[in-house]
Amino acid sequence: MRKKVLLSGMQPSGETGMLHLGNYEGALKNWVRLQNSGKYEMYCCIVDWHSLTSNYKHTKNLTKRILNVAADYIASGLDPKKSTIFLQSLVKEHAELHLLLSMIVPVPWLERVPSYKQKSVELGLDSFGFLGYPLLMAADIMVYKGEVVPVGKDQAAHLEFTREVVRRFNSLYGELFPEPQPLWTEVPILPGTDGRKMSKSYNNHISLGDPQEIVRKKISSMFTDPSKIHRSDPGHPNRCPVYLLHKLYNPEYEKIYNPCVSGSTEWGCVKCKKLLTEHLLAFLDPIRKKREELLSDPGELMRILASGAEKAREKASATMREVRAAMHMLEAEL
Ligand code: ADP
Ligand code: TRP
């Protein structure tokens, strides 16, 4: 049976590019599971052009950020032998398709994508490139004739936009592209140390590469149930971000529910956080060791990204030949 084409990507954003627990639970873990199912032809991209749509000023550490994402991908279980792991900007076909699609996409389609309105105000972004963010994502998917896109619900509007672009292209030039299907990741939004959604932009994240002492510090200063001020106050575990992390990393999390709810004097937030830290470190230690090992040889990481790009380019350039033919563009053999 033919394997379905699966495409996904993450930006090398933030100060270091290092991915965090939210990225892992919300995306990466699922990619690894899908990779290991053997059912998909996997393309896992590091979308460096996308990161420039918001952060074009500070590019000095871009290479470092890219290598951190590559190391996080592989340390989390993505395997370059099973998945094509590559850097977006090494496959120029993404840019060519983005340009051709920009001819057929009305500007109001882009202006009404919710993330545009929200982030353009929030981050003061007004560039042409930023407006085109969802179209570049559509090109990323379409250039591989992507059929399945595993993303969190925060990407729903971008995927619906991609499907609209596919329909528009197909109706103008003939049925060339499949409509990609989202594969929603079922995990809830992972809370950060301040109880909001864990995100690089809120600086409330625990990175996959954080050293042990940083993880300890971050967990010890984590927000808890605000109505549990004294140890004897009854807690509300399901409103507490510490408990939500216990649920993911402590196999015996149910044991702490009753002591918390009953306000047992034997069990306070400090103890609860210490226990979480031990479970979390047991999960993070092997990932951190693996990523450090990978980062000690940046040349090898670059080779992985370049050889992934070579493989990706084969497929992308075949699609572009079909696109140019469908649009009756002159194909000159040089
Ligand atoms: P950030 O908010 O840190 O910049 P991104 O927006 O780059 O993260 O997200 C990359 C991927 O990780 C997306 O697929 C998104 O759904 C997932 N993701 C990010 N933060 C979380 C979270 N707190 N919980 C679950 N999934 C998340
Ligand atoms: N917009 C996605 C995010 O912020 C990243 C992305 C870019 C992507 N191109 C993609 C995801 C193609 C899936 C497929 O998470």
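Everything numeric in this text was worked out from a predicted model, so none of it was measured. (Residues numbered from 1 in each chain as written. Chains lettered and ligands numbered in written order. Predicted model: local features only at pLDDT ≥ 70, side-chain atom pairs only at ≥ 80, totals over all residues. Heavy atoms only, no water.)

(A) How the structure looks around the pairing of strand β4 (residues 148-151). Every second residue of β4 is oriented toward a common face, with Val148 and Pro150 on one face and Val149 and Val151 on the other, all of them buried. As paired elements, β4 and strand β5 (residues 181-184) share four bridges and run parallel to each other. The partner of Val149 across the bridge, within β5, is Pro182. Each parallel crossover has a hand, and for β4 linked through helix α9 (residues 156-173) to β5 it is right-handed. (Buried < 20%, exposed > 50% of the residue type's maximum accessible area, 1.4 Å probe, protein only. Helix = DSSP H or I, 4+ residues; strand = E, 2+ residues; numbered from the N terminus. Pairing = 2+ DSSP bridges. Right-handed = clockwise from strand over helix to strand, strands pointing away.)

(B) Region of the structure containing the site of ligand 2. Contacts to ligand 2 come from 13 residues, most closely from His50, Tyr133, Met137, Asp140 and Gln155. Between ligand 2 and the protein, one listed contact pairs a nitrogen atom with a side-chain N or O atom of Tyr133 at 2.7 Å. Expressed as a share of its isolated accessible area of 370 Å², the protein-covered part of ligand 2 is 89%. Where the shell around ligand 2 is concerned, the elements lending two or more residues are β1 (4-10), α8 (133-142) and β4. Ranked by the residues each element gives to the shell around ligand 2, the list is headed by α8, at four residues. (Near = heavy atom within 4 Å. Polar contact = N/O pair within 3.5 Å; in protein donor to acceptor, adjacent residues only side chain to side chain. Areas by Shrake-Rupley, 256 points an atom, 1.4 Å probe, with all protein chains shown as cover.)

(C) Quick look at the domain arrangement of the protein. With domains assigned, the protein is organised as domain 1 (4-190 + 298-333) and domain 2 (212-291). Placing the centre of domain 1 and that of domain 2 at their C-alpha centroids yields a distance of 35 Å. In this complex, domain 1 contributes nine residues to the contact, which on the side of domain 2 involves nine residues. Both sides together, the interface formed by domain 1 and domain 2 hides about 830 Å², and carbon and sulfur atoms give 69% of it. Ranking the residues of domain 1 by area buried against domain 2 places Leu21, Ala75 and Leu190 at the top, with a combined share of 49%. (Domains from an automatic or database assignment. Contact = heavy atoms within 4.5 Å. Buried area = accessible area lost by both parts, 1.4 Å probe.)

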